[in-house]
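Structure assessment
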Amino acid sequence: MRLRTDDDIYRARLVYLGPPGYTLPVHLPYAQYGVFILLVPFYMFLHWLVTFQVEAFPAWEIALAMVTTSFIFRYVDPDRPARAVIRTALTDWRRTREPAVEQRDPRLVAVRVRVREELV
C-alpha cells in the first residue's frame, strides 16, 4: 500500500515550458527529454546493425523513441524514478516465465554411508 504524501516537493514537477515568450504546447519533464535523447541514437544504431545504412532524417527511430519514452514514463512517479522502472523492465524481461514443461529436481539419495572414527 502506498501512502499519498503531503509534501509539496513530491508534487512539484521539473517541467520545461519552452523558450521565454514561446510556451510549448506539450509540457514534458526534463527526464523525458533525456531518455528520448538517449533512445534516438540507440534506435539509429539498431537500424544501422540491420541495414548498414544511416538515414538523413530518422523518422522511424524518432517515433519508436517517443513511444518507448511515453511507455517508460507511464510507470514513473515520485516513489519510482525512471531508472528503477527501466531496471525492473530489463530484469523482468530476462526471466519471468515459468518453464513450459515441468522439470523435476534431481533426487539426492545416499547409496552408501561411511562413518569414520577420525576426520581426514
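Fair warning: this is a prediction, and the values are worked out from it, not measured in the lab. (Residues numbered from 1 in each chain as written. Predicted model: local features only at pLDDT ≥ 70, side-chain atom pairs only at ≥ 80, totals over all residues. Heavy atoms only, no water.)

1. Quick notes on the overall build of the protein chain
When you go through the protein chain residue by residue, the secondary structure sums to 4 helices and 2 strands. Reading the protein chain from its N end, one meets helices and strands in the order α-β-β-α-α-α. Looking at the protein chain as a whole, 13% of its 120 residues qualify as buried. Of the contacts formed within the protein chain by residues at least 6 apart in sequence, a portion of 32% connects residues at least 24 apart. Counting only carbon and sulfur atoms, one obtains 62% of the accessible surface of the protein chain, whose full area is about 11700 Å². (Helix = DSSP H or I, 4+ residues; strand = E, 2+ residues; numbered from the N terminus. Buried < 20%, exposed > 50% of the residue type's maximum accessible area, 1.4 Å probe, protein only. Contact = heavy atoms within 4.5 Å. Areas by Shrake-Rupley, 256 points an atom, 1.4 Å probe, with all protein chains shown as cover.)

2. Quick look at the packing of aromatic side chains
According to the stated counting rule, one finds 6 aromatic pairs in the structure shown. Here Tyr16 and Tyr30 contribute two aromatic rings whose centre-to-centre distance is 6.2 Å and whose plane-to-plane angle is 45°, an arrangement assigned as tilted. Highlighted residues: Tyr16 in strand β1 (residues 15–16) and Tyr30 in helix α2 (residues 30–51), separated in sequence by 14 residues. Residues Phe71 and Tyr75 carry aromatic rings whose centres are separated by 5.6 Å and whose planes lie at 80° to one another, so their mutual orientation is edge-to-face. One aromatic cluster is present, built from ring pairs that chain together Tyr16, Tyr30 and Tyr33. (Phe/Tyr/Trp six-rings, centres within 6.5 Å; stacked < 30°, edge-to-face > 60°.)

3. Re the UniProt feature "transmembrane region" (unreviewed entry) in the protein chain
UniProt records the feature "transmembrane region" (unreviewed entry) for residues 30–50 in the present numbering. Within residues 30–50, the helical portion is 100% and the strand portion 0%, while the C-alpha atoms at the span's ends are 31 Å from each other. (UniProt positions renumbered as here; feature names shortened; annotations may be inferred.)

4. A closer look at helix α4 (residues 82–94)
With 13 residues, α4 should reach 18 Å at 1.5 Å per residue; the first-to-last C-alpha distance of 19 Å fits that figure. When we look at burial in α4, the residues that qualify are Ala82, Ala84 and Val85. Seen from one end, α4 has its buried residues packed into an arc of 160°, which puts them on one side. Exposed residues on α4 whose side chains face more than 90 degrees from its buried face are Arg83, Arg87 and Arg94. (Expected span 1.5 Å × (residues − 1). Arc of directions from axis to C-beta.)

5. A short note on the packing of α2 against helix α3 (residues 59–73)
In the contact formed by α2 and α3, the axes pass within 8 Å of each other and the chain directions differ by 135°. Judged by the inter-axis angle, α2 sits oblique to α3. For the pair α2 and α3, the crossing hand works out as right-handed. Along its contact with α2, which presents Ala31, Gln32, Val35, Phe36, Leu39, Val40, Tyr43, Met44 and His47, the element α3 presents Glu61, Ile62, Leu64, Ala65, Met66, Thr68, Thr69, Ile72 and Phe73. The residue makeup of the contact of α2 with α3, split by class, is 13 nonpolar, 4 polar and 1 charged. (Axes fitted to C-alpha atoms, helices over the stretch in contact; angles between N-to-C directions. Parallel < 35°, antiparallel > 145°, perpendicular 65-115°, else oblique. Left-handed = near helix turned anticlockwise from the far one by under 90°. Nonpolar A, V, L, I, M, F, W, Y, C, P; charged D, E, K, R; others polar.)

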